[in-house]
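If you want the building blocks of each chain, they are given just below.
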Amino acid sequence: MLLPVETATNVLTTRFLAIRTQTEAICQPLQPEDTVVQPIVDVSPPKWHLAHTTWFFETFILQPHQPDYAVFHPKYNYLFNSYYNSIGSRVLRNQRGTLTRPNLQEVYQYRAYVNEQMQEFLTKASAEKLAEIAPVFELGLQHEQQHQELLITDIKYILSTNPLLPAYLPKQTKTVYSEALKPEMLPVKGGIHEIGYPGTDFCFDNELGVHKVYVDDFKIMNRLVTNGEYLEFMQAGGYEDFRHWLGEGFELAKTEHWQAPLYWVQHEDKWQHFTLHGLEEIDLHAPVTHISFYEANAYATWAGKRLLTEFEWEIACKQFHPDPANGNFLESKNFGTLPAKNTEGCAQLLGDLWEWTYSAYHPYPNYSKAPGALGEYNGKFMINQMVLRGGSCATPQSHIRPTYRNFFHPDKRWQFTGIRLAE
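Everything numeric here is computed off the predicted structure, so don't read it as measured data. (Residues numbered from 1 in each chain as written. Predicted model: local features only at pLDDT ≥ 70, side-chain atom pairs only at ≥ 80, totals over all residues. Heavy atoms only, no water.)

**Regarding the sheet that holds strand β11 (residues 406-408)**
Reasoning step 1: Reading across the sheet, the four strands line up as β11-β10-β9-β12 and stay open at both edges, with mixed pairing between neighbours. At either margin of the open sheet sits one strand with a lone partner, and together these are β11 and β12 (417-418).
Reasoning step 2: Relative to β11, strand β10 (residues 386-389) runs antiparallel, the two sharing three bridges. Considered in β11, the bridge of Leu388 is made with Asn406.
Reasoning step 3: Contacts from helix α8 (residues 293-302) reach β9 (354-360) and β10, with the element oriented near 85 degrees to β9. (Pairing = 2+ DSSP bridges. Helix = DSSP H or I, 4+ residues; strand = E, 2+ residues; numbered from the N terminus. Contact = heavy atoms within 4.5 Å. Axes fitted to C-alpha atoms, helices over the stretch in contact; angles between N-to-C directions.)

Structure, rendered in structure tokens:
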């Protein structure tokens, strides 16, 4: 059933403006020079994120659906297309940092222009047109929320490469925890379980189709692995002992000289780490983060445990039914991990850190790619990557759900990634 056109317009416009404003709020503390830097291929300049998320609405809604729409700039499709081969050629991913022009002010003008055009389009569109564009419109909002998380992680990496180690935000007064939540392995009943998103509202296509899997009984740790526990692994020579590692991971750790998680630095026999609030002492009770799949798996092997599969994680999440309102998400503006505080159930399943699973990123049974350019959104990446679950302190709360499948190559460390043990 179609909503009354005025109601639908108000709902869509309110969500659109709220998400668009949130993206700009994330970039507000930056200097213009911060927004151009691309220190590694995985990191995109903040200015590019601002423009690319705008390009999405211009390309997939305004151009095909608004008659006589005039693009803001004829070259922006080439500059700010990310990976959509169906749309045409583009600046290569590793060259986004070369885009000193357009300048930041012009990118904000681009955002303002598309925002204005989108509001006008939503106001004038019929109920039938709003219903027609609703799936792509929602994908555009969810896409921008993904880039909000990428902005947080990319900004952190960019600032960490500056010798001044500048803080993105002022230091916060943190609650001091005298001890970590006692680790406990919680039982989860095996059997035949349904996996995938069963609802009718928005989900990404990689959460479909819904199917059944069989798992044995298993146990899941009631919280994430802490900095203190990971430090024990380091002090026990974990990075030097090949027995804990997958061969490819051990070779990479030696080649890259990994001795600690990303952003950790040792100063006068004490470990500190770079945060979005500057350089801080390690909180031994907070979850360890910025580690690769290889490191997560090596730690689990050293500890005599293992990582969950993505199916086990989803089954456990549905069993313990965490409340997203209790999670540490982007809205908290903490932008860092916090010690587990709840003493019952299973903590930190949603928020705090993306949890590496021992599951390759493959399509579910009966998976079907969308036609056209939007079919490139997820499907072509289903190779050589591992699945992560649960969201992080940089994820918008409204963006996460138990069936959400994130994915990265096993060597990646710049995201807010952590470890949960299973047996």
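Further notes follow.
**A short note on the pairing of strand β7 (residues 278-281)**
Reasoning step 1: Where strand β6 (residues 270-275) meets β7, four bridges bridge the pair, whose relative direction is antiparallel. Within β7, the residue paired with His273 across the bridge is Glu280.
Reasoning step 2: Linking two consecutive strands that pair antiparallel, namely β6 and β7, is a turn of two residues.

**Some remarks on the layout of surface pockets**
Reasoning step 1: Space inside the largest pocket adds up to approximately 930 Å³.
Reasoning step 2: Looking at the largest pocket, it is lined by 37 residues, and the ones nearest its centre are Tyr83, Arg93, Leu150, Phe407 and Phe408.
Reasoning step 3: Secondary structure elements with two or more residues in the lining of the largest pocket: α2 (46-65), α5 (127-160) and β11.
Reasoning step 4: A per-element tally of the lining of the largest pocket places α5 first, with six residues.
Reasoning step 5: For the lining of the largest pocket, a count of residues per class yields 14 nonpolar, 14 polar and nine charged. (1 Å grid on protein atoms, 1.4 Å probe; cavity = no way out; pocket = protein on both sides within 12 Å on 5 of 7 lines; lining within 4 Å. Points joined across faces, edges and corners; volume = space filled by probe spheres on them. Nonpolar A, V, L, I, M, F, W, Y, C, P; charged D, E, K, R; others polar.)

**A word on the sheet that holds β7**
Reasoning step 1: On the basis of which strands lie adjacent, the open sheet formed by three strands has the order β5-β6-β7 and antiparallel pairing. Bordering the open sheet on either side are β5 (264-267) and β7, each of which pairs with just one other strand. The sheet shows a mean angle of 35 degrees between the axes of neighbouring strands, taken without regard to direction.

**Points about the packing of aromatic side chains**
Reasoning step 1: Evaluation of the coordinates by the stated rule reveals 42 aromatic pairs.
Reasoning step 2: For the ring pair Phe16 and Phe57, a centre distance of 5.1 Å and an interplane angle of 90 degrees mean the geometry is edge-to-face. One end of the pair, Phe16, is in helix α1 (residues 5-27); the other, Phe57, is in helix α2, with 41 residues separating them in the sequence.
Reasoning step 3: Judged by its relative accessible area of 0%, Phe16 falls in the buried class. (Phe/Tyr/Trp six-rings, centres within 6.5 Å; stacked < 30°, edge-to-face > 60°. Buried < 20%, exposed > 50% of the residue type's maximum accessible area, 1.4 Å probe, protein only.)

**Description of the environment of His290**
Reasoning step 1: Inspection of the secondary structure puts His290 in the loop between β7 and α8.
Reasoning step 2: His290 sits 99 residues away from Gly191 along the chain, and the two C-alpha atoms are 33 Å apart.
Reasoning step 3: The contacts of His290, once residues within four sequence positions are left out, are Lys156, Pro261, Leu262, Tyr263, Arg413, Trp414, Gln415, Phe416 and Thr417.
Reasoning step 4: A polar contact is formed between the side chain of His290 and the backbone oxygen of Gln415, at a distance of 3.0 Å. (Polar contact = N/O pair within 3.5 Å; in protein donor to acceptor, adjacent residues only side chain to side chain.)

**A closer look at the pattern of salt bridges**
Once the charged atoms of two side chains with opposite charge are near each other, the side chains can pair.
Reasoning step 1: All chains considered together, the criterion is met by 23 salt bridges.
Reasoning step 2: The salt bridge partner of Glu314 is Arg389, with a shortest N-O separation of 2.9 Å. Of this pair, Glu314 sits in helix α9 (residues 310-320) while Arg389 sits in strand β10, and the two are 75 residues apart along the sequence. Of the two residues examined, Glu314 and Arg389, each falls in the buried class.
Reasoning step 3: A salt bridge links Glu376 to Lys380; the nearest nitrogen and oxygen atoms lie 2.8 Å apart.
Reasoning step 4: The class for Glu376 is buried, based on a relative accessible area of 9%.
Reasoning step 5: Each of Glu310, Glu314, Lys318, Arg389 and Arg405 takes part in a single network of salt bridges with overlapping partners. (Salt bridge = Lys/Arg side-chain N within 4 Å of Asp/Glu carboxyl O.)

**Examining the UniProt feature "domain: Sulfatase-modifying factor enzyme-like" (unreviewed entry) in the chain**
Reasoning step 1: Residues annotated by UniProt as "domain: Sulfatase-modifying factor enzyme-like" (unreviewed entry) correspond here to residues 183-318 and 333-422.
Reasoning step 2: End C-alpha to end C-alpha, residues 183-318 measures 20 Å, and it is 27% helix and 25% strand. (UniProt positions renumbered as here; feature names shortened; annotations may be inferred.)

**Overview of the UniProt feature "domain: DinB-like" (unreviewed entry) in the chain**
Reasoning step 1: Sites flagged by UniProt as "domain: DinB-like" (unreviewed entry) map to residues 18-149.
Reasoning step 2: For residues 18-149, helix accounts for 60% and strand for 0%, while the C-alpha atoms at its two ends are 15 Å apart.

**Structural notes on the packing of α2 against helix α4 (residues 104-124)**
Reasoning step 1: α4 packs onto α2 with a crossing angle of 30 degrees between their chain directions and a minimal axis gap of 10 Å. Classified by the angle between their axes, α2 and α4 sit roughly parallel to one another. As α2 runs across α4, the sense of the crossing is left-handed. Where α2 approaches α4, its residues Lys47, Leu50, Ala51, Thr53, Thr54, Trp55, Phe57, Glu58, Ile61, Leu62 and His65 are matched on the opposing element by Leu104, Val107, Tyr108, Tyr110, Arg111, Val114, Gln117, Met118 and Phe121. (Parallel < 35°, antiparallel > 145°, perpendicular 65-115°, else oblique. Left-handed = near helix turned anticlockwise from the far one by under 90°.)

**Observations regarding the packing of α2 against α5**
Reasoning step 1: Two numbers describe how α2 lies on α5: the axes approach to 9 Å, and their chain directions differ by 170 degrees. Judged on the interaxial angle alone, α5 and α2 are roughly antiparallel.
Reasoning step 2: For the contact of α2 with α5, the per-class residue count stands at 15 nonpolar, seven polar and four charged.

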